[in-house]
Amino acid sequence: MLTFTALGPFQAWSDGADLDLGGQRQRAVLARLLVAGGRAVPVSTLIDELWPGAPPAQALSTIQGYVSRLRRALEPDRAPREEARVLVSAPPGYALRAATEQVDAWRFESLVKSEGTPAQVWAAMDTALGLWRGPALAEFGELSWAATEAGRLEELRLIAVERRADAGLALGRATSLVADLEAHASAYPLREEAWRLLAVALYRLGRQGDALAALRRARATWREELGLDLTAGLQRLEADMLAQRLETPPAPAPEKTDAGRPDAEEPAAAPLRVLVADDQALVRAGVRAMLAGEPGVTLAGEAADGEEAIARVSATRPDVVLLDIQMPRLDGLAAARRILAEDRPPKVIMMTTFGSDENLYAALRAGVSGFVLKTSAPEQFLAAIRAAAAGDALIDPTITTRLIASFAGRTDPAAPPALAGLSDSQLDVLKLVARGLTNRQIGHTLSWPEEEVAVMVKSLLEHLGLFDRAQLVMAAYESGLVTPGEKTSFSSL
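Residues numbered from 1 in each chain as written. Predicted model: local features only at pLDDT ≥ 70, side-chain atom pairs only at ≥ 80, totals over all residues. Heavy atoms only, no water.

Asker: Which residues make up the pattern of salt bridges, and what values go with them?
Answerer: For the coordinates displayed, the defined rule picks out 28 salt bridges. Put simply, Arg164 and Asp126 hold a salt bridge, and the shortest N to O gap is 2.8 Å. Note that Arg164 is positioned in helix α6 (residues 144-170) and Asp126 in helix α5 (residues 118-130), a separation of 38 residues in sequence. Glu307 is the salt-bridge partner of Arg338, the closest N and O atoms lying 3.4 Å from each other. Pair noted here: Arg338 is in helix α13 (residues 332-340) and Glu307 is in helix α12 (residues 306-316), with a separation of 31 residues, a long-range link. Three or more residues are tied together by salt bridges with common partners; here these are Glu109, Lys113, Glu149 and Arg152. (Salt bridge = Lys/Arg side-chain N within 4 Å of Asp/Glu carboxyl O. Helix = DSSP H or I, 4+ residues; strand = E, 2+ residues; numbered from the N terminus.)

Asker: Can you explain the pairing of strand β12 (residues 347-352)? Please cite residues and give values.
Answerer: Along any regular strand, the residues point their side chains to alternate faces of the sheet. In terms of burial, β12 is a largely internal element, 5 of the 6 residues being buried. In this structure, strand β11 (residues 320-324) lies alongside β12, joined through 5 bridges in parallel fashion. Residue Asp324 lies in a different strand from β12, and its bridge partner there is Met351. Taking the sense of rotation as the criterion, the β-α-β connection linking β11, α13 and β12 turns out right-handed. Judged from the 4 bridges that link them, β12 and strand β13 (residues 370-373) form a sheet pairing that is parallel. Its bridge partner lying in β13, Thr352 is registered against Leu373. (Buried < 20%, exposed > 50% of the residue type's maximum accessible area, 1.4 Å probe, protein only. Pairing = 2+ DSSP bridges. Right-handed = clockwise from strand over helix to strand, strands pointing away.)

Asker: Talk me through a nonpolar patch on the surface; I want residue IDs and the actual numbers.
Answerer: Side chains of Leu190, Leu226 and Leu228 sit close together on the surface and give an oily, nonpolar patch of about 280 Å² of accessible area. Take Leu226: it is sitting in the loop between α9 (208-225) and α10 (232-242). (Patch = residues over 30% accessible without salt bridge, like charges linked within 9 Å, V, L, I, M, F, W, Y side chains within 5 Å. Areas by Shrake-Rupley, 256 points an atom, 1.4 Å probe, with all protein chains shown as cover.)

Asker: Before we move on, can you summarise the layout of surface pockets with the specific residues and values?
Answerer: Each pocket or cavity is described by its volume, and for the second largest pocket that value is around 760 Å³. What lines the second largest pocket is a set of 24 residues, among which Thr5, Trp13, Arg133, Asp343 and Arg344 lie closest to the centre. Where the lining of the second largest pocket is concerned, the elements lending two or more residues are β1 (2-5), β2 (11-14), α4 (104-112), α12 and α13. Grouping the constituent residues of the lining of the second largest pocket by class yields 8 nonpolar, 7 polar and 9 charged. (1 Å grid on protein atoms, 1.4 Å probe; cavity = no way out; pocket = protein on both sides within 12 Å on 5 of 7 lines; lining within 4 Å. Points joined across faces, edges and corners; volume = space filled by probe spheres on them. Nonpolar A, V, L, I, M, F, W, Y, C, P; charged D, E, K, R; others polar.)

Asker: Residues and numbers for helix α11 (residues 281-292), please.
Answerer: Here α11 contains 12 residues, and its C-alpha end-to-end distance of 16 Å stays within 8% of the 16 Å for a straight helix at 1.5 Å per residue. For α11, the full list of buried residues reads Val283, Arg284, Val287, Met290 and Leu291. Considered in projection along α11, the buried side chains sweep an arc of 125 degrees and stay on one side of the axis. Of the exposed residues in α11, the ones pointing more than 90 degrees away from its buried face are Leu282, Ala289 and Ala292. Those residues of α11 hidden inside the fold are in contact with β9 (272-277), β10 (297-303), β11, β12 and α15 (378-390). (Expected span 1.5 Å × (residues − 1). Arc of directions from axis to C-beta. Contact = heavy atoms within 4.5 Å.)

Functional significance is not addressed by these values, which are geometric in nature.
Here it is as structure tokens:
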């Protein structure tokens, strides 16, 4: 099936294969037609918007050439005289003919505007937000039509974030939402709904003081930035909190299924899906037996070599991959790099009996979540799987510590830049992450709420351009912030 993605790098795909759309302006023609949402765009508009203020003399024939080449890329099997079915002529211009499901931006907008029960809204917003792979239409940002559409889609993304949180509060999920809402309100401090949701979530957790403090932060920001007080809605919320007039809503009533049986509104947590890749059938059988008796964890698939592991990950989309570091056809390190380079990759744990320190260290640098020895007891395997899925702690600290002691300080051109620009608080958190502490342990050490630590860790990953906690550890040691055996000291205590 032909699909188009604009919520991130602009691409067209045919049954999962990336199509060659040509140069920047040729790609821009297709992107402009996608932005039109299926409506025809006159050729004159395309010319004016692709060459603002100074179109070339041969602009019309250039556009026609772009369209012809795009049609060949999108419909390579179309006969020479057969009418195009995707990029069609629609006098006085052209239009893109595609179903909503074929265009991520169209599907995203449809999901954001959908209605239903809190559970249905939660699922729809979760799906919608999962379509984003980066800033929309960023490669065309210098063109006004692309910048306008990118701004519109970004506003819809923020609405989706807030609708998801609102549905989550109705479903009693305040605990899991606080960290994300804190980050959302901090990133978009002028959004009324961001502060309302954060304050309500904190209040629902019994943290009335923190809820009121959030509204005070909003008031201070608005007075400084806009010269305005809180909106009437936020002032009423503040007054209701002070008077303790807000109540946690009762649990939603169970819904009826098609068979007439009541189902709880809050579904049971989906089991963690684990894929095991090892060339030894005995190892795979052992993991299979271990998972069979463990609630909340299930086997997503098996692979006997690195190439098969990559294919199985793509086909099954597991949460965690147990990957042998030494396998035929493609070794575990190379396979891990390719798996982690995909969009929304699973967590990867390397399994090893000995392995070279060079390979293990390279795996950590690539972003694997850690290691587990094949000789480990089943409970250690299961703890590793759950910890990796939670993104909280490195696995088998004895191996990690040995590697850091052996390789810390070596330079690498692909390593993150120096830690310039990080605040004292961020550096303190990074030091504790490097020591292998969980968010809860870091919060206890610094006397911070665990949710605040989670927000800080997320900001560190974004600042350094990393995606996994293990890479933060490497950054801390490779930059010299922490050295093996050093006693950690803190600047913000």
